Amino acid sequence: MRMILVWLFSILAIGGAGLFGWRQLDHQADRSEMDRLMATQPAEPPLFSAEMVSELPEPARRFFAFAIAEGTPLLTVTRLEMQGQFGMGDRAAPNYMSMRATQVLAAPHGFVWKMSAGRGLMRMAGSDSGSWTRFWLWGLAPVARFGGTSDHTRAAFGRYVAEALFWSPASMLPGTNVTWEAVSENVARMTMHHDGLDQSVDLTVAEDGQPLHVSFLRWSDANPDKLHKLQPFGGYLSEFVDFNGFRLPTHVEAGNHFGTEDYFPFFVVNVTDITFPRRQ
């Protein structure tokens with residue numbers, strides 16, 4: 001019996017060490033990807049001028065005049081700290097968990113969202129990026145590991161392009177990979193092209209150019225059939241604060257099926273800090 005207990009203890013110890021090492025590799029991957037993205041920050045960014053957007057549709061010009069002060073260095077990589085709620089259920093039963101997260105946005109190059117969440121005895125943590133989704137229960141057991149597919153890449157691209165539109169507006173100025181068109185008096189459509197991917201996002205603005213909400217068709221399997229297809233996604237933006245010349249929303253509510261009766265805001269956050277990391 002003693003030998004059996006020793007054997008079982010050894011197996012558990014080895015398994016626990018293996019899971020701990022696996023989790024540390026995930027942390028290392030998060031840090032490495034964040035470092036890679038922050039290294040894309042322009043070393044000597046140009047300064048914003050209204051002339052840069054003078055040929056854009058009128059609602060887009062209003063947006064940039066609201067979001068970026070004249071003379072602001074056009075830093076395109078944003079680091080955010082946030083807290084709020086993350087819904088694990090659906091519209092009928094949201095199953096919200098308290099959440100904290102750090103995010104690096106560097107459109108069109110990618111993003112990393114590193115979070116921890118919990119409610120009661122349930123605790124989970126992990127990260128999303130352009131390459132993976134990895135979540136752990138209590139930091140001990142992997143409960144979700146996706147990525148490495150064209151579906152994941154396309155879905156992730158839609159997410160971080162839309163978020164960069166309102167949290168990293170310098171990355172959305174017109175250029176070789178970004179175009180703008182008018183949809184209506186208060187709606188402009190931005191399209192980003194990168195590495196064979198295209199994502200359009202509709203931005204609705206107030207008379208003063210303040211963004212009210214974003215909406216787009218996202219490649220997603222958040223549907224009863226669990227099949228990837230284009231379906232509505234979007235979110236509402238509010239509580240704008242100035243950060244180093246950028247006026248950005250600090251409250252965001254977003255989710256699947258935006259604009260329909262099935263809309264479920266599973267992502268409800270308050271941003272507590274926004275910085276623009278400089279290249280070393």
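Per chain, residue numbering runs from 1 following the sequence as it is written. Selection of residues for local features in this predicted model requires a pLDDT of at least 70, selection of side-chain atom pairs for listing and counting requires 80 or more, and totals for whole chains, interfaces and linings are taken over all residues. Only heavy atoms go into the side-chain values, all of them from the structure, while hydrogens and water stay out.

Peer 1: Outline the overall build of the protein, supporting the account with residue identities and numerical values.
Peer 2: For helices the rule is a DSSP run of H or I covering at least 4 residues; for strands it is a run of E covering at least 2, with both sets numbered from the N terminus onward. Looking only at helices and strands, one finds 3 helices and 13 strands in the protein. Computation of the radius of gyration draws on C-alpha atoms, with the globule rule given as 2.2 Å multiplied by the number of residues to the power 0.38. A compact globule built from 280 residues would reach a C-alpha radius of gyration of about 19 Å, and the protein, at 21 Å, matches this within 12%. Structurally, the protein occupies a C-alpha span of about 80 × 50 × 35 Å along its principal axes. For each residue, the accessible area found with a 1.4 Å probe, counting protein chains only, is set against the maximum for its type, and the residue is called buried under 20%, exposed over 50%, and partly exposed in between. When the 280 residues of the protein are sorted by exposure, 47% land in the buried category. Put simply, of all contacts in the protein between residues at least 6 apart along the chain, 52% involve residues at least 24 apart. Of the roughly 14,100 Å² of accessible surface on the protein, 57% is carried by carbon and sulfur atoms. Should any heavy atoms of two residues lie within 4.5 Å, those residues are counted as being in contact. To measure how exposed things are, a 1.4 Å probe is used in the Shrake-Rupley method; for residues, cover is taken only from the protein chains shown.

Peer 1: Break down the confidence of the model for the protein for me, with residues and values.
Peer 2: With 92% of its residues at a pLDDT of 70 or more, the protein has an overall mean of 91. In the predicted structure, residues 5-15 sits below a pLDDT of 50 and forms 0 contacts with residues beyond four places in sequence or in another chain. For every residue, the pLDDT score states the predictor's confidence, bounded by 0 at the bottom and 100 at the top.

Peer 1: Before we move on, can you summarise the side chain of Ser 127 with the specific residues and values?
Peer 2: Looking at the element boundaries, Ser 127 is found in strand 4 (residues 122-129). Within the structure, the side chain of Ser 127 is placed 2.8 Å from the side chain of Asp 30, a separation counted as a polar contact. In this structure, Ser 127 is in contact with Asp 30, Trp 113, Lys 114, Trp 132, Thr 133, Arg 134 and Phe 135, ignoring residues within four places of it in sequence. Here a polar contact is taken to be a pair of N or O atoms separated by no more than 3.5 Å, where protein atoms must pair a possible hydrogen donor with a possible acceptor and residues adjacent in sequence count only if both atoms sit in side chains.

Peer 1: I'd like a rundown of the nonpolar core, residues and numbers included.
Peer 2: To define a nonpolar core, start from buried Ala, Val, Leu, Ile, Met, Phe, Trp, Tyr and Cys residues and group those joined through side-chain atoms within 4.5 Å. Residues Phe 64, Trp 113, Trp 167, Met 172, Trp 180 and Phe 267 are the most contacted members of the largest nonpolar core, which totals 63 residues. Residue contributions to this core peak at 9 residues, all from helix 3 (residues 150-167). Met 34, Leu 37, Val 77 and Val 104 belong to the second largest nonpolar core, which has 7 residues in total.

Peer 1: Which residues make up the layout of surface pockets, and what values do they have?
Peer 2: Each pocket or cavity is described by its volume, and for the largest pocket that value is around 1,400 Å³. Cavity: a set of points on a 1 Å grid over the protein atoms alone where a 1.4 Å probe fits but cannot get out. Pocket: an open set with protein on both sides within 12 Å along at least five of seven lines, its lining residues, like those of a cavity, having an atom within 4 Å of a point. As for the largest pocket, its lining consists of 47 residues, and the residues nearest its centre are Phe 86, Asp 221, Ala 222, Asn 256 and Phe 266. Per-element tally for the lining of the largest pocket: the top contributor is helix 3, with 8 residues. For this classification, the nonpolar set comprises Ala, Val, Leu, Ile, Met, Phe, Trp, Tyr, Cys and Pro, the charged set comprises Asp, Glu, Lys and Arg, and every other residue, Gly included, is treated as polar. Of the residues in the lining of the largest pocket, the class split is 24 nonpolar, 13 polar and 10 charged. Grid points are joined across faces, edges and corners, and a volume is the space filled by probe spheres set on the points.

Peer 1: Describe helix 2 (residues 58-67), listing the residues and the values that go with them.
Peer 2: Among the 10 residues that make up helix 2, 7 are buried, leaving the element largely enclosed by the rest of the structure. Turning to helix 2, its buried residues are Pro 59, Ala 60, Arg 62, Phe 63, Phe 64, Phe 66 and Ala 67.

Peer 1: Describe the pattern of salt bridges, naming the residues involved and giving the relevant values.
Peer 2: A side-chain nitrogen of Lys or Arg and a carboxyl oxygen of Asp or Glu constitute a salt bridge if their distance falls within 4 Å. What the rule picks out here adds up to 10 salt bridges. As a salt-bridge pair, Arg 145 and Asp 26 come within 2.9 Å of each other at their nearest N and O atoms. You can see Arg 145 sitting in strand 6 (residues 141-147) and its partner Asp 26 sitting in helix 1 (residues 2-38), a full 119 residues away along the chain. One salt bridge connects Arg 36 with Glu 33, and the closest N-O pair in it is separated by 2.9 Å. One end of the pair, Arg 36, and the other, Glu 33, are both in helix 1, 3 residues apart, so they sit about a helical turn from each other. Take Glu 33: its relative accessible area is 14%, and that puts it in the buried class.

Peer 1: I'd like a rundown of a nonpolar patch on the surface, residues and numbers included.
Peer 2: A patch consists of residues exposed above 30% relative accessible area that lack any salt bridge, with like charges linked at up to 9 Å and nonpolar side chains (Val, Leu, Ile, Met, Phe, Trp, Tyr) linked at up to 5 Å. A surface patch of nonpolar side chains, amounting to about 410 Å² of accessible area, comprises Leu 121, Trp 138 and Leu 140. Along the polypeptide, Leu 121 turns up in the loop between strand 3 (110-119) and strand 4. Looking at Leu 121, the relative accessible area reads 75%, which means it is exposed.

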